[in-house]
Amino acid sequence: MNISRRNFIGRSAAAVAAGMVAPSLLDGFHGSWRMFWDYGGGLLTDWGVHLLDMALWGMDMGEMPNRVFASGGNFAYPGNIAETFGTLSVIYEFDDFTIQWNNIAGTETGPYGRNYGLAFKGTNGTLIANREGWEVIPDQDKVEPVSAQPDYEDHKKHVAQFVDYMKRRTWILHAPSVAVAFVRNTPISGISRRVCNRNWCMTMRRKNSTIRPLMN
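Residues numbered from 1 in each chain as written. Predicted model: local features only at pLDDT ≥ 70, side-chain atom pairs only at ≥ 80, totals over all residues. Heavy atoms only, no water.

### A look at the sheet that holds strand β5 (residues 125-130)
Step number 1: Here we have four strands laid out as an open sheet, ordered β4-β5-β6-β7, and antiparallel in their pairing. A strand with exactly one partner marks an edge of an open sheet, and here the two such strands are β4 (118-121) and β7 (146-148). Adjacent strand axes in the sheet meet at a mean angle of 15° when their direction is disregarded.
Step number 2: Where β5 and strand β6 (residues 133-138) come together, six bridges link them in antiparallel fashion. By the bridge assignment for β6, glycine 125 is matched with proline 138.
Step number 3: Together, β4 and β5 form the strand contacts of helix α4 (residues 43-58), whose direction differs from that of β4 by roughly 20°. (Pairing = 2+ DSSP bridges. Helix = DSSP H or I, 4+ residues; strand = E, 2+ residues; numbered from the N terminus. Axes fitted to C-alpha atoms, helices over the stretch in contact; angles between N-to-C directions. Contact = heavy atoms within 4.5 Å.)

### Considerations on helix α5 (residues 154-168)
Step number 1: In this model α5 runs 21 Å from its N-terminal to its C-terminal C-alpha over 15 residues, within 8% of the 21 Å that 1.5 Å per residue would give.
Step number 2: Downstream of α5 by one or two residues, arginine 169 has phi in the positive range, about 55°. (Expected span 1.5 Å × (residues − 1).)

### Concerning the nonpolar core
Step number 1: Of all hydrophobic cores here, the largest spans 18 residues; its most connected members are Leu44, Leu52, Val90, Tyr92, Phe94, Ile99 and Trp101.
Step number 2: Here the element with the most residues in this core is α4; it accounts for five residues. (Core = buried A, V, L, I, M, F, W, Y, C linked by side-chain atoms within 4.5 Å. Buried < 20%, exposed > 50% of the residue type's maximum accessible area, 1.4 Å probe, protein only.)

### Looking at the packing of aromatic side chains
Step number 1: Enumeration over the complete set of coordinates arrives at three aromatic pairs.
Step number 2: For the pair tryptophan 37 and phenylalanine 85, a centre-to-centre distance of 5.3 Å together with 65° between the ring planes defines the contact as edge-to-face. Separated by 48 residues along the polypeptide, tryptophan 37 in the loop between α3 (29-32) and α4 and phenylalanine 85 in the loop between β1 (67-73) and β2 (87-93) bring together distant segments of the chain.
Step number 3: When the ring centre of tyrosine 165 is taken as origin, the NZ or CZ atom of arginine 168, which lies over that ring, is 4.8 Å away. (Phe/Tyr/Trp six-rings, centres within 6.5 Å; stacked < 30°, edge-to-face > 60°. Lys NZ or Arg CZ within 6 Å of the ring centre and 35° of its normal.)

### Structural notes on the pattern of salt bridges
Proximity of charged atoms lets side chains of opposite charge pair with each other.
Step number 1: One pass over the structure, following the stated rule, counts six salt bridges.
Step number 2: In this structure, arginine 34 engages aspartate 46 in a salt bridge whose closest nitrogen and oxygen atoms are separated by 2.7 Å. Of this pair, arginine 34 sits in the loop between α3 and α4 while aspartate 46 is found in helix α4, placing the two residues twelve residues apart along the sequence. Both residues of the pair, arginine 34 and aspartate 46, belong to the buried class.
Step number 3: The closest approach of N and O atoms between arginine 67 and glutamate 93, which form a salt bridge, is 3.2 Å. Within this pair, whereas arginine 67 is found in strand β1, its partner glutamate 93 is found in strand β2, the two being separated by 26 residues in sequence.
Step number 4: A relative accessible area of 23% places glutamate 93 in the partly exposed class. (Salt bridge = Lys/Arg side-chain N within 4 Å of Asp/Glu carboxyl O.)

### Concerning the environment of glycine 110
Step number 1: Tracing the sequence through the fold places glycine 110 in the loop between β3 (98-104) and β4.
Step number 2: In this view, glycine 110 contacts Asn115 and Tyr116; residues no more than four positions away in its chain are not counted.

### Some points on the side chain of asparagine 103
Step number 1: You can see asparagine 103 is positioned in strand β3.
Step number 2: Given the relative accessible area of 8%, asparagine 103 is considered buried.
Step number 3: Engagement of the side chain of asparagine 103 in a polar contact is seen with the backbone oxygen of glycine 86, the distance being 3.0 Å.
Step number 4: Once residues within four sequence positions are removed from consideration, asparagine 103 is found in contact with Leu43, Leu44, Phe85, Gly86, Thr87 and Leu88. (Polar contact = N/O pair within 3.5 Å; in protein donor to acceptor, adjacent residues only side chain to side chain.)

That's the geometry; what it means functionally is another story.
Put into C-alpha cells, the structure is as follows:
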C-alpha cells in the first residue's frame, strides 16, 4: 500500500507543530494520527470500537442515548502535543440504564484489577470482560462465581467465522443497528466535551431521531 504523507496527514496546525508532516512520520503515524481532531477522536474512538460496542451489544441497544454528558481535558500530560483528551469521562443516558466511559492516557489500570475492560453492574453481581476473558463476581451469594479464559485460538475462529458469514452474505453476531449506534455515539461524546467552556456547556439529547444541543 502506498501512503502519501501529505494526502494522509494534511496540514493541521497541531500536526505541523508536532512535526507530523515531516518524512520521518511514516514510521510512527499509525499511533499518532488519532490524537489530532482533524484525523481521529483520541482514546474514545480508538478503544471505543473494542469496548463501547460490547457495552451496546451486551445491553441489546441499537438506539441513540437520550442524553450524553462529557467532561475531560489534557491533565495527566499537559505538555503532550495531542489535541484529543487524555482524560475523559462520558455518561450515556438511556431509558433504563446508563453507560459510563472513562479513560486516562498513559495508564494501564482498568476495572477490578484488569488493565482495561468493561464492568456490567447488576443487582445479582458484576460481569467483567475484556480480551483476556470474563468473570462474574457475585453480589454477596446471589449467584455462583464463574470465569472463562480464551484458548488463544479464538482469533482464528473469529476470522474463520467472519469469512464464512461474508460468503453467506449474512450478518455477523450482533445486528447492524448496534454498529450504527456505536459509530454515532463516539463522535457525539467528543463534541459534547469540545463545545464546553467556563461559561456554558452542552449536552446532547435525542429527540425524534435527531441530536439537539441544550445550553445550560
